[in-house]
Structure formats: structure tokens, C-alpha cells
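Now for the letters of each chain:
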Amino acid sequence: MLGKDQTYLALRTKAIESLLIETGLITEESVDSIVRTYEQDIGPMRGAEVVARAWTDPEYKARLLENGVDAVNEVTGGGIDPKEIVVVENTDSVHNIVVCTLCSCYPWDVLGLPPSWYKAPAYRSRVVCEPRAVLREFGVVLDPKVEIRVWDSSSEVRYLVLPQRPVGTDGKSVGELAELVCRDALIGAGLVKA
Amino acid sequence: MSYATDRVIADVTGPTAMPRKNGELVFGAPWESRAFGMVVALADEVFEWAEFRAELISEIARWEAADDAGEWSYYERWLSTLEAMLIRRGLISRVRLRARIVEVGDTQAHEHVHLHSGRKS
């Protein structure tokens, strides 16, 4: 059983990469480019933009709830490998939260890579059994009358939460609204504050 | 269990700081980013994403069922999945991999010694 020591994992990774480069299956540059993209270019900003648009454009919001992929592509310019994205809307009576119980399926194209906690066994199992308690640990305390819906993302469908627009944001521009939207709110583990 | 503590990041700044997104590290260590990048580079070319995902799910399930699982590391599951798939398909050999791990380890130890002794070989 190979050890968990960080140094050893680094050696193992480097060894695999060097062998793959030698056999021509990858190049170092291609890996560099992918890493750079996910560290710098792709992130929750796209998701935030989608939400801000939905908050300010009722027709866009209707399209978003009807066909997540097409509506998201309107904002991102398309050209991204479209996994099915289904957008679930938070309301005064329903709060949505997303998980991938088996691994870590997540809408990369609009949110970037998932945070560590999303991928951890504790979250994956607990949010299904006791979502209200998990939400409290995230600092989200919901009225007991609010129904919590837990959505299990898979290879076929990735869920994205459309959080509620906070009170007191009437004068804000789409850009200003997008800045309010945090990544956790798009997973359902947070709320958007004005 | 508190998830807030899971999101506390070491307060490192300057040129050695790891890339951050929304105040959070995308990868916990450079090797994680390489493991990630390799799979993305190979997916759709050498294997299907669906296959990698199915194997990752099995690998995670195996870890969760093990008595001596040790500490959870998502990217260790990811790396183990990649390694197993490559070996099973004959794209890398287990023997060559073991040898290469030793070589890489020796090279790094060698560089480390010279770095600290102030001499270059």
C-alpha cells in the first residue's frame, strides 16, 4: 500500500508525468496550460454573472430555469463542453443545496473547481442525511418552515443554485450584483448578502 | 464537525504563495495540480471521462470501506485512479513506474544536498 506522505505523492506524480511525456501521451506544456486555466481563468465569476443576469432579466431567468446549458452559454459565449446544467431556484419557501454523493461532479464551466470540503466524505454523506445541520455549520440558519432540497450531481447532470437576490440591492448594476454572489451560494452552502 | 476550519488557508503571501481563487487554494500542493492536469489532458483522447469517473467512484468507495484508510486526500484518490488506469491499459508499466519513482526521488535528494552544501555538481 503506497504511503500518503506528501513527498511520496509528489514523487509518484512526477514519475507518472515523466513517463507519459516520454511516451508522447502528453506534453509538459499541455499540463501547464490546463493548470493555468483552472487556477486563473475559470472560476465562479461566470456563475455569478449568470445569477446577476437572472436577477435583472426575467426572460433570461425563465430561459435559465428551462434550459440551463443554453442560458449559461449565452453568458459564457458557449464553446465549452456542455454537461447538462440544471438550475434550481431558491425562494422564500425552498432552499437548494448541491452535492455529488459518489465523487465530486460539479459544474466546472461556471464555477471552476470544487472546494475541498465539497469533495470530502463528510460533506458528501452528511448533507444528504442532515442538510439543515450542515447548513448551520456553514452559517446558514434557515427558518424551520423552509424546505431544503438536496440535489445529487452526477456525470449526466450538474446542478447550480440560483440564490435569492438580497433585499436592498435595487439600484445595483449587473456587474455590482455579480460581485455580491459568492461561490458557496451557487452550491447552496451560503446566502448572498447585500 | 466544522467545515469553516477546513477552509482556513495558511497565510502565505509573495512569490511562494500558491495560486488562489476567491481567497481559497485551487490545489493544496503542486503535485495535485499536475495530477489534475494530466487527467484532463488525457481525457477524451486516451480514455473517456465517464470511464475515469467510474473508476474514481470505485476508488473513493474502496477508501471509504477500508479499515486502515488513513487521512482523506481527494487528489490521492485521483492519482491512484489515474495510475491504475494507465497500468491496466498498458500505457505505463508498474515496474518502470517504481524505477522512475526511485530515480526522481534520488535526483531530488541529490539536488537537495547540493543546494544545502552550496556546491553545484
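The coordinates are above.
Read on for a plain summary of the structure. Every chain begins its residue count from 1, and numbering advances along the sequence as written. Starting at A for chains and at 1 for ligands, labels are handed out in the order in which the entities are written. Per-residue local features are limited, in this predicted model, to residues with pLDDT of at least 70; the limit for side-chain atom pairs, both in listing and counting, is 80 or more; totals at the level of whole chains, interfaces and linings are taken over all residues. Neither water nor hydrogens contribute to the side-chain values; these are computed over all heavy atoms in the structure.

Observations regarding the overall build of chain A
(1) Moving on: Within chain A, the regular secondary structure consists of eleven helices and four strands.
(2) Moving on: Expressed along its principal axes, the backbone C-alpha trace of chain A runs to roughly 55 × 35 × 30 Å.
(3) Moving on: Think of it in three bands: with a 1.4 Å probe and only protein chains considered, a residue is buried below 20% of the maximum accessible area for its type, exposed above 50%, and partly exposed in between. Relative to its 194 residues, chain A shows a buried fraction of 52%.
(4) Moving on: Within chain A, counting contacts between residues at least 6 apart in sequence, those at least 24 apart form 64% of the total.
(5) Moving on: With residues, only the protein chains shown are counted as cover, and all accessible areas are computed by Shrake-Rupley using a 1.4 Å probe. Only carbon and sulfur atoms are counted for the fraction: they give 51% of the accessible area of chain A, which is about 8,800 Å².
(6) Moving on: Placing the 21 positive and 29 negative side-chain charges of chain A at their respective mean positions leaves the two points 6 Å apart. Each helix is a run of DSSP H or I of at least 4 residues and each strand a run of E of at least 2, with the numbering of both proceeding from the N terminus. Two residues form a contact once any of their heavy atoms are found within 4.5 Å. Only four residue types enter the charge count, namely Lys and Arg as positive and Asp and Glu as negative; His and the chain termini do not. By convention, charge coordinates are those of NZ in Lys, CZ in Arg, CG in Asp, or CD in Glu.

What about the pattern of salt bridges?
(1) Moving on: Note on definitions: salt bridges are taken to be side-chain nitrogens of Lys or Arg within 4 Å of carboxyl oxygens of Asp or Glu. Following the criterion strictly, the structure yields 21 salt bridges over all chains and no others.
(2) Moving on: In this structure, B:E64 engages A:R124 in a salt bridge whose closest nitrogen and oxygen atoms are separated by 2.7 Å. Of this pair, B:E64 sits in helix α2 (residues 49-65) while A:R124 is found in helix α8 (residues 121-129), placing the two residues in two different chains.
(3) Moving on: On the accessibility criterion, A:R124 (3% relative accessible area) is buried.
(4) Moving on: B:R77 is the partner of B:E76 in a salt bridge, and the nearest nitrogen-oxygen pair spans 4.0 Å.
(5) Moving on: By relative accessible area, which is 5% here, B:E76 ends up buried.
(6) Moving on: Accessibility expressed as a relative area gives 3% for B:R77, which makes it buried.

Concerning the interface of chain B and chain A
(1) Moving on: Between chain B and chain A, the residue contacts involve 53 residues of the former and 57 residues of the latter.
(2) Moving on: Put simply, buried area is how much 1.4 Å-probe accessible surface two parts lose in total, over both of them, once they are put together. Each partner contributes to the roughly 5,000 Å² buried at the junction of chain B and chain A, and carbon and sulfur atoms together form 66% of this total.
(3) Moving on: For the salt bridge of A:E22 with B:R96, the shortest nitrogen-to-oxygen distance reads 3.2 Å.
(4) Moving on: Polar contact is defined as a pair of N or O atoms within 3.5 Å, subject to the rule that within protein one atom must be able to donate a hydrogen and the other to accept it, and that residues adjacent in sequence are counted only when both atoms are side-chain atoms. The tally of links between chain B and chain A comes to ten residue pairs in polar contact (both at pLDDT 80 or more).
(5) Moving on: Ranked by residue count, the leading element in the side of chain B that touches chain A is helix α1 (residues 30-42) of chain B, at ten residues.

Looking at the side chain of B:S33
(1) Moving on: With respect to the helices, strands and loops of the structure, B:S33 is situated in helix α1.
(2) Moving on: Here the side chain of B:S33 touches B:P30 through a polar contact of 2.7 Å, landing on its backbone oxygen.
(3) Moving on: Not counting residues up to four positions away in its chain, the partners in contact with B:S33 are A:V35, A:E39 and B:F27.

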